[in-house]
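# Architecture at a glance
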Amino acid sequence: MTDTSRGEYASDELQTTDVHRIGPTMPMSSERASGPVEAPDKTVEEFVAAFLNELNFGQGVLLSRSTINDQYLALARTVRQYLMAGWLETGVQRRESGRKTIGYLSAEYLLGRQLSNALLATDLQDIADEAMKQCGIDIAALRAQEIEPGLGNGGLGRLAACFVDSLATMDVPCIGYGIRYEYGIFRQTFEDNRQVEVPDSWLSLGSPWEFPHPERQVRVDFGGRTETYTDDQGRERSRWIPDWNVLGIPYHHMVPGFRNGTVNTLRLWSAKATQAFDLQIFNSGDYAAAVRAQTFAENISKVLYPEDSTPQGKELRLQQQYFFVACSLHDFIQNTLPQDFDLRRLPERIIFQLNDTHPVIAIPELMRILVDRKGFDWDEAWDITRQCFAYTCHTLLPEALEVWSAELLGRLLPRHLEIIYRINKEFLEEVRETFPGDEMRIRSMSIIAEHPERSVRMAYLATIGSSKVNGVAELHSQLLRDKVLPEFSQYWTEKFTNVTNGITPRRFVFLANRRLSDLITDKIGSGWVTDLERLRDLEPYADDADFRAEFAAVKQANKERLFKVLQARDGIELPEHAMLDVMVKRLHEYKRQSLKLLHIVSTYESIISGRMRAEDAVPRTFVFGAKAAPGYHMAKETIFLINSVAATINADERVKDVLSVAFPANYNVTLAEKLIPAADLSEQISLAGKEASGTGNMKFALNGALTIGTDDGANVEIRQLVGDDNFFLFGMTEPEVEQLRAEGYQPTSYYRSNDRLRATIDLLAGGHFTRGDRAASAQVVDNLLTQDPFMALADFQGYLDAQDRVDAVYRDTDAWTRSAILNVARSGFFSSDRSMRDYLDRIWNA
Ligand SMILES: *Cc1c(COP(=O)(O)O)cnc(C)c1O
């Protein structure tokens, strides 16, 4: 972390560039067509002038006295100026055109750093570099100053960020709605090889990318009761008498398209107390009591739940969900649509995409608005509502399907619970007409589960209340239909569809891998950045020895860049020439980091036991990056064991420069951007049928890493596209997993019959990596040997065999590089632009 308090320049003398005068130096050019405000010209001179202007008049400091943080904030605000005209203009167009808007509802956005992306979108990278140089500033230090907004856990939040990037680049009207967490995903540190979580205070040094709009605050109600009454037309109506409320303050973020002038909006909500404090109580001297209500209210957007894949049945989490959804619906209906808009036509103007079940409470909320507030008949409101939502499911783990206790929902949102009951009752009557007498089926389709306690199945509510339901990769969508929601997919075959996930090539190739981008552009032009299928044109170059040499040189340069980063960031030293074998993703048992660990320990064991000579091994550097949910015990034990193995292997002279293991702490988007372009091998080794899609796998393939992976999630599609020869497949298929489960998985039988597995487990269990403390590794090892639902030992031998094939190909540099190039050339399908086109065609009708 840069020391911001000491970033001043040595000289206190006023420099000539120090104070910028507004006036004659800011020519008012009038050629620019784009709306009411003018950006500075895209020249170094104007950029410098705008920057100094921001520094002096925005930040209130002289260049000679400015800290790195001052400079970073001024630079960010300068780049913002270049986006502003597009933002305002996009807003005007959106209001005037009446085009249908995508309301992307997501509790998470894992955005990554903003400065580099904004410079990229505006094509100001070179100008900004030169301008900072003229001011005597190292722009790299300013980039490093930014703390990335970690408002998401992993893949799901990153997907939302990729999607809004693509929609802006495609000039599709989209408002991303979410929560402005004061603290994002925790910062991970290691102490004695164990994960320690530190709060992520990403706002503490200022947040130049957000625009608060307190005047557009929205009140959100909670609690209380409902009552029925007869309205003046004699109709029986319901109303909600809440007993507390909070305010939602919107913070707007720019979402720039790639060099197309479009800037969409991300609107994140922050909770504020309706009443800051109770003056009477305060004056009486009980200061804590005076602010209790404020603290309570503001807790709602205080912190992101660091859970990945498993729902936390926490009241605060339900408050968060309703809070942001209520604000967002209100914002769209009351503030975004024209006054007096005829809400019967709402589906022409909005489709709310539900990113997992987190925002599903929006369905009863829209019903409440239409029926209770706007006086619609139930049936008409229901018809409108179902057309306004579509639901994306992100999981196959049954334990990850969100369920809320009816008691809690009724206490927090009594009117919504009533609405859910009525939706359910009418839906089940409909099913009963189609399947008379089939009470088993009817019970299995009920939104309400009765055991172990009465609860609301949010995935069912989402399915019933949406026009479309999609999975996130072909295999996942198939399993979603067959296994997760089979009764629903039979009932509504047309409602179910697939959209395979994607990633934005802007951030994950163009920004993260400038060298590769230049090489690609040099050969096939720059159109690939917004039309990724054009990477196909690279295919012929796989057989061109000169190109292969250039491609390999890019990879090597990216490795060296990574090593510098890891050295500076974590003090990690890595050998220059080794295969870089990378597994980065959340720590979860289904992802099977422990299987990766078994491979490492097995290779190490082969060498120290003399079964293999160190000289005969392909030198490898293994890199892990992974956060564990703070309450996920087994995941944290796995982190401890990886760190322990790493420390032991790295200190063992017998494997020096042949095996190294690095586990830099705090894997995030910023680190991903450095790690992925440097990787040779991408580890995607989840148990088949457990990873819905994966997007890390796509980032690696597009950066020229080869994948070793199971037949799971989007790996299936990657392999089909890049070809079997360019992908290392291993492990059981999903049906084989099911069969083994049915027969009864017996991990010890693998342990007994496989010598290498036994030697590996014995070394791991024997205290070799934990200073003789056998108990320290026991939980992970015992789990693998006794109950592991993710069957690591069943895939162990297949995994080792596939790793041997990896070594064989890697020894043949030409063959490896050829495959790597083909991975890049054939992975254009995984652009999130393509995902967005699929959503537009199959789901949004926009
Ligand atoms: C892409 C990404 C993920 C998702 O990775 P998977 O391998 O698909 O689980 C998680 N975290 C970060 C920081 C990412 O960039």
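None of these values were measured; they are calculated from a predicted model. (Residues numbered from 1 in each chain as written. Predicted model: local features only at pLDDT ≥ 70, side-chain atom pairs only at ≥ 80, totals over all residues. Heavy atoms only, no water.)

## Considering the site of the ligand
All residues adjacent to the ligand are Gly154, Gly155, Val584, Lys585, Lys591, Tyr667, Asn668, Val669, Gly694, Thr695, Gly696 and Lys699. A distance of 3.0 Å separates an oxygen atom of the ligand from a polar atom in the backbone of Gly696. Between the ligand and the protein, one listed contact pairs an oxygen atom with a side-chain N or O atom of Lys699 at 2.6 Å. Considering the ligand on its own, with 390 Å² of exposed area, one finds that the protein chains cover 95% of that surface. (Near = heavy atom within 4 Å. Polar contact = N/O pair within 3.5 Å; in protein donor to acceptor, adjacent residues only side chain to side chain. Areas by Shrake-Rupley, 256 points an atom, 1.4 Å probe, with all protein chains shown as cover.)

## Description of the confidence of the model for the chain
Here the chain averages 94 in pLDDT, and 96% of its residues register 70 or above. In the model, residues 1-34 has pLDDT below 50 throughout and makes 53 contacts with residues more than four positions away in sequence or in other chains. (pLDDT = per-residue confidence, 0-100. Contact = heavy atoms within 4.5 Å.)

## Some details on the sheet that holds strand β23 (residues 681-684)
Strand order in the open sheet formed by 6 strands is β22-β21-β20-β23-β24-β25, with parallel pairing between adjacent strands. Each end of this open sheet is capped by a strand with a single partner; those strands are β22 (659-662) and β25 (728-729). Relative to β25, strand β24 (residues 706-709) runs parallel, the two sharing 2 bridges. Its bridge partner lying in β25, Gly709 is registered against Leu729. The strands that helix α24 (residues 633-650) touches are β21 (620-625) and β22; relative to β22, the one it contacts most, it runs at about 140°. (Pairing = 2+ DSSP bridges. Helix = DSSP H or I, 4+ residues; strand = E, 2+ residues; numbered from the N terminus. Axes fitted to C-alpha atoms, helices over the stretch in contact; angles between N-to-C directions.)

## Remarks on helix α33 (residues 813-825)
Here α33 is 13 residues long and its end C-alpha atoms lie 18 Å apart, about the 18 Å a rise of 1.5 Å per residue gives. Every buried residue belonging to α33 is among Trp816, Thr817, Ser819, Ala820, Ile821, Leu822, Asn823, Val824 and Ala825, and all of these are buried. (Expected span 1.5 Å × (residues − 1). Buried < 20%, exposed > 50% of the residue type's maximum accessible area, 1.4 Å probe, protein only.)

## Section: the environment of Leu409
Summarising the element assignment, Leu409 is placed in helix α14 (residues 406-412). For Leu409 and Tyr604, which are 195 residues apart along the polypeptide, the C-alpha to C-alpha distance reads 53 Å. Setting aside chain neighbours within four positions, we find Leu409 in contact with Leu318, Ile361, Trp404, Pro414, Leu417, Ile420 and Val456.

## Some details on the pairing of strand β18 (residues 468-471)
In this sheet, β18 lies alongside strand β14 (residues 389-392) in parallel orientation, the contact comprising 3 bridges. Paired with Thr392 across the strands is Asn470, a residue of β18.

## Section: the domain arrangement of the chain
Along its sequence, the chain is carved into domain 1 (19-97 + 116-145), domain 2 (150-403 + 458-501) and domain 3 (513-830). Contacts between domain 1 and domain 2 engage 20 residues on the former and 22 residues on the latter. For the pair domain 1 and domain 2, the two sides together bury roughly 1,800 Å², of which 60% comes from carbon and sulfur. Contact with domain 2 buries surface across domain 1, with Arg80, Trp87 and Arg94 losing the most and accounting together for 37% of the total. Of the charged contacts, one joins Arg259 and Asp123 as a salt bridge, the two residues approaching to 3.3 Å between their closest N and O atoms. Taken together, domain 1 and domain 2 are joined by 10 residue pairs in polar contact (both at pLDDT 80 or more). If you list the elements that add at least two residues to the side of domain 1 that touches domain 2, you get α2 (68-97) and α3 (115-121). Considering each element in turn, the side of domain 1 that touches domain 2 owes the most residues, 13 residues, to α2. For the side of domain 1 that touches domain 2, the residue count by class is 10 nonpolar, 6 polar and 4 charged. (Domains from an automatic or database assignment. Buried area = accessible area lost by both parts, 1.4 Å probe. Salt bridge = Lys/Arg side-chain N within 4 Å of Asp/Glu carboxyl O. Nonpolar A, V, L, I, M, F, W, Y, C, P; charged D, E, K, R; others polar.)

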